[in-house]
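# Geometric and topological summary
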Amino acid sequence: MILDLKGIYKDYQHVNFSMEEGEYVAIMGPSGSGKTTLMNIIGCLDKPTKGTFLLNGEDIAKCTENEMSDLRLKTIGFVFQSFHLLPRQSALTNVELPLNYAKVPKKERRERALKALERVGLADRVNFKPNQLSGGQQQRCAMARILVGQPELVLLDEPFSALDEHIKWKIELELADTLRSFPGGVLFVSHSRDEIYRLCDTVCVLNEGKSDPKTTVAELFRAPLTVGAARISGCKNISRAEAGAGGTLYCADWGVSLKTALPLRENTAYAGIRAHYFTLSGTENPITCTVERVIPNPFSVVYMLKTPGGALLRMESEKAEALHTGDTITLHIAPEDVMPLTE
């Protein structure tokens, strides 16, 4: 186990999670949820107020500042929004930089840097300066600089957020290719659900300073357990709810009772439905609504629908339905798509 955090407190934050070698873990949460604070602790830039933080079995809370600095240098690699390459130095010199700090002998330093650049596909660019490299090549150079130090954990903090959409996809693919052979753990912070779905195995959701239990990325999108997890995974429809007999949920905001195929827990207090799960045909879980607004998007249409309870539901369709403002319609939702949620 490369990381193990138990009862970690920092100010108001309370976090529990662990990760194994070779695991790609995402940290998700809204602004102000504590992602930066958690990354600073995991990156050995700060200490928790209390709790146990083990990095490869070593209790970071007991380390001195110098010991934490050594761990940052030897164990952890950081990938930020900016690549932080030295503009007047070659790719080779940039990659050698952490080995200089580690006082690695010159010959070994050069051999390891050349091997790292070859590993990321830049063997023919070793003498190029950053402004002679494309955006993807700059990122690969930055990754080579990280991997040359042979870290056991790589932290990626919003690595694509500063990039234009038309190059973000390509650079994401290049990063995925670079990390595919990395044997250590990867911790990824992003606001992008799509990036996390494509790049990560598991996810820990932070909400108001607390962590939900770590789960697989697939499970987060299929059946989140909490309101915070549902919202961060893109669920637009959430109602207060009470559990009833036979797997039913009375959704107070929508004024309807819906059957769910997912487990009900004692503290279930909300229900969630994803906007693209609704259908206009079927027999299960009918909801009579009035079309309040039709909102066209480039590749989909959003319908805002008034429910019997007065709250609005959002339905999203890739094709335009024959619906107009003021129409009365009946929605249907499959029981497996009605998600019971806790606070």
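Preceding this section is the structure that the text describes.
Residues numbered from 1 in each chain as written. Predicted model: local features only at pLDDT ≥ 70, side-chain atom pairs only at ≥ 80, totals over all residues. Heavy atoms only, no water.

## Here we look at the overall build of the protein chain
Secondary structure assignment for the protein chain yields 9 helices and 20 strands. Dimensions of the protein chain, computed from the C-alpha atoms along their principal axes, are close to 75 × 45 × 30 Å. Counting across all 343 residues of the protein chain, residues that qualify as buried make up 48%. By sequence separation, contacts in the protein chain at least 24 residues apart represent 66% of the contacts at least 6 residues apart. By element, 50% of the accessible surface of the protein chain is carried by carbon and sulfur atoms, the whole surface being about 17000 Å². Placing the 39 positive and 42 negative side-chain charges of the protein chain at their respective mean positions leaves the two points 6 Å apart. (Helix = DSSP H or I, 4+ residues; strand = E, 2+ residues; numbered from the N terminus. Buried < 20%, exposed > 50% of the residue type's maximum accessible area, 1.4 Å probe, protein only. Contact = heavy atoms within 4.5 Å. Areas by Shrake-Rupley, 256 points an atom, 1.4 Å probe, with all protein chains shown as cover. Lys, Arg positive; Asp, Glu negative; His and termini not counted. Charge placed at Lys NZ, Arg CZ, Asp CG, Glu CD.)

## Some thoughts on the environment of proline 335
Assignment of secondary structure puts proline 335 in the loop between strand S19 (328-331) and strand S20 (339-341). With a relative accessible area of 9%, proline 335 lands in the buried category. Residues proline 335 and leucine 258, 77 residues apart in the sequence, show an inter-C-alpha distance of 7.5 Å. Residues in contact with proline 335, not counting those within four places in the same chain, are Lys259, Thr260, Ala261, Glu284 and Asn285.

## Some words on the pairing of strand S12 (residues 237-243)
Two elements, S12 and strand S15 (residues 270-273), share 4 bridges in a ladder whose sense is antiparallel. Considered in S15, the bridge of isoleucine 238 is made with glycine 272. Here S12 pairs with strand S13 (residues 248-251) via 3 bridges, running antiparallel. Residue pairing in the sheet places glutamate 242 in a bridge with tyrosine 250 of S13. If you look at the hairpin formed by S12 and S13, you'll find 4 residues sitting between the two strands, and glycine 246 has a positive phi there, around 70 degrees. (Pairing = 2+ DSSP bridges.)

## Notes on the packing of helix H3 (residues 91-101) against helix H5 (residues 135-147)
For any two helices packed against each other, one specifies the inter-axial angle together with the distance between the axes. Running from amino to carboxyl end, H3 crosses H5 at an angle of 30 degrees, the nearest separation of the two axes being 7 Å. What the angle tells us is that H3 and H5 run roughly parallel. Handedness of the crossing formed by H3 with H5: right-handed. Contacts from Ala91, Asn94, Val95 and Pro98 of H3 reach H5 at Cys141, Ala144 and Arg145. Along the lines of polarity and charge, the residues of the contact of H3 with H5 split into 5 nonpolar, 1 polar and 1 charged. (Axes fitted to C-alpha atoms, helices over the stretch in contact; angles between N-to-C directions. Parallel < 35°, antiparallel > 145°, perpendicular 65-115°, else oblique. Left-handed = near helix turned anticlockwise from the far one by under 90°. Nonpolar A, V, L, I, M, F, W, Y, C, P; charged D, E, K, R; others polar.)

## Thoughts on the nonpolar core
Counting 27 residues, the largest nonpolar core has Leu3, Phe17, Ile42, Phe53, Leu55 and Leu187 as the members making the most contacts within it. The greatest single-element share of this core, amounting to 4 residues, is contributed by helix H1 (residues 35-42). Residues within four places of isoleucine 42 in sequence aside, it is in contact with Leu3, Leu5, Phe17, Phe53, Ile76, Leu153, Leu155 and Leu187. Counting 26 residues, the second-largest nonpolar core is a separate cluster that includes Leu147, Phe188, Cys200 and Val203. (Core = buried A, V, L, I, M, F, W, Y, C linked by side-chain atoms within 4.5 Å.)

## A word on the sheet that holds S13
Pairing in this open sheet of 5 strands is antiparallel, and the strands run S14-S13-S12-S15-S20 from one edge to the other. At either end of the open sheet lies a strand with only one pairing partner, and these are strand S14 (256-259) and S20. Here the average twist between neighbouring strands, direction ignored, is 40 degrees. Inspection of the sheet shows S15 paired to S20 by 3 bridges, in the antiparallel sense. In the strand pairing of S20, alanine 271 is matched with proline 340.

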